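Structure assessment
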Amino acid sequence: QVQLVESGGGLVQPGGSLRLSCAASGRTFSSCAMGWFRQAPGKEREFVAGITRSGGNTYYSDSVKGRFTISRDNAKNTVYLQMNSLKPEDTAVYYCAAQTRGLVVASVAFYDYWGQGTQVTVSS
């Protein structure tokens with residue numbers, strides 16, 4: 001079992017920044033690939049970013065590439081999502097997810113554990 005708790009969401013103006021955190025407990029965090037997903041009202045949950053077990057490789061959706069950065073600290077059992085140059089279309093509930101097979105994939109179905117989500121609202 002892996003328990004995930006996200007934090008750091010909130011209201012920010014367009015062009016602003018936020019850093020999301022996801023604290024993990026339970027199963028060895030460092031054995032899991034991690035992903036960030038988001039879900040806007042009326043839309044399907046979509047992949048935002050992913051990171052391999054060691055943090056050596058990262059992956060991003062085209063919509064956030066160059067603006068968002070995923071990172072992890074295995075000593076602190078935490079994964080982060082630094083979000084810069086935020087746009088209104090980034091407004092969504094953001095979820096972190098753990099993949100126990102250690103593979104970063106964009107599909108929701110391949111992730112084994114999910115956090116409860118944190119709301120990010122980008123608005124002036």
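Read on for an overview of the structure. (Residues numbered from 1 in each chain as written. Predicted model: local features only at pLDDT ≥ 70, side-chain atom pairs only at ≥ 80, totals over all residues. Heavy atoms only, no water.)

**Brief notes about the environment of Val48**
This is how the line gets drawn: Numbering of helices and strands starts at the N terminus; helices are DSSP runs of H or I of at least 4 residues and strands are runs of E of at least 2. The buried label applies to any residue whose accessible area, calculated with a 1.4 Å probe on protein chains only, is under 20% of its type's maximum; exposed applies above 50%, and partly exposed to all values in between. Note on contacts: a residue pair qualifies if any of its non-hydrogen atoms lie within 4.5 Å across the two residues.
Structurally, Val48 can be placed in strand E5 (residues 46-51). The class of Val48 is buried, set by a relative accessible area of 0%. Taking the C-alpha atoms as reference points, Val48 and Ala33, 15 residues apart in sequence, are found 14 Å from one another. Those residues in contact with Val48 that sit more than four places away from it in its chain are Trp36, Phe37, Arg38, Tyr59, Tyr60, Ser61, Val64, Phe68, Leu81 and Tyr94.

**What about the sheet that holds strand E3 (residues 18-26)?**
Our working definition: Pairing between two strands is assigned when DSSP locates at least 2 bridges connecting them. As a rule, the C-alpha atoms of each element are fitted with a line to give its axis, helices using only the stretch in contact, and angles between N-to-C directions run from 0 to 180 degrees.
Ordered in space as E1-E3-E8-E7, the four strands form an open sheet in which the pairing is antiparallel. In this open sheet, the two edge strands, each paired with only one partner strand, are strand E1 (2-7) and strand E7 (68-73). Going across the sheet, the axis of each strand differs from the next one's by a mean of 15°, ignoring polarity. Note: E3 against strand E8 (residues 78-83), six bridges, orientation antiparallel. Paired with Leu18 across the bridge in E8 is Met83.

**Quick word on the packing of aromatic side chains**
Where we set the bar: In this analysis, rings of Phe, Tyr and Trp, with Trp reduced to its six-membered ring, are considered paired at centre separations within 6.5 Å, and the interplanar angle assigns stacked below 30 degrees, edge-to-face beyond 60, and tilted for intermediate values. Over a ring means this: the NZ of a Lys or the CZ of an Arg is within 6 Å of the ring centre and within 35 degrees of the ring normal.
Counted by the stated rule, this structure contains five aromatic pairs. Between Phe37 and Phe47, the aromatic rings sit 5.6 Å apart at their centres with planes inclined by 80°, giving edge-to-face as the arrangement. Of this pair, Phe37 sits in strand E4 (residues 33-39) while Phe47 sits in strand E5, and the two are 10 residues apart along the sequence. Of the two residues, Phe37 and Phe47, neither departs from the other in class, the shared state being buried. Three or more aromatic residues link up through ring pairs in this structure, and these residues are Phe37, Phe47, Tyr95, Tyr111 and Trp114. For the cation-ring pair, Arg45 lies above Trp114, with the distance from its terminal atom to the ring centre recorded as 4.9 Å. Cation over ring: Arg72 sits above Phe29, and NZ or CZ is 4.4 Å from the ring centre.

**Here's the deal with the pairing of E4**
Most of E4 is tucked away: six of the seven residues are buried. Where E4 meets strand E9 (residues 92-99), seven bridges bridge the pair, whose relative direction is antiparallel. Paired with Trp36 across the strands is Cys96, a residue of E9. Alignment of E4 against E5, held across five bridges, turns out to be antiparallel. By the bridge assignment for E5, Trp36 is matched with Ala49. If you look at the hairpin formed by E4 and E5, you'll find six residues sitting between the two strands, and Gly42 has a positive phi there, around 75°.

What is shown is where atoms sit, not what they do.
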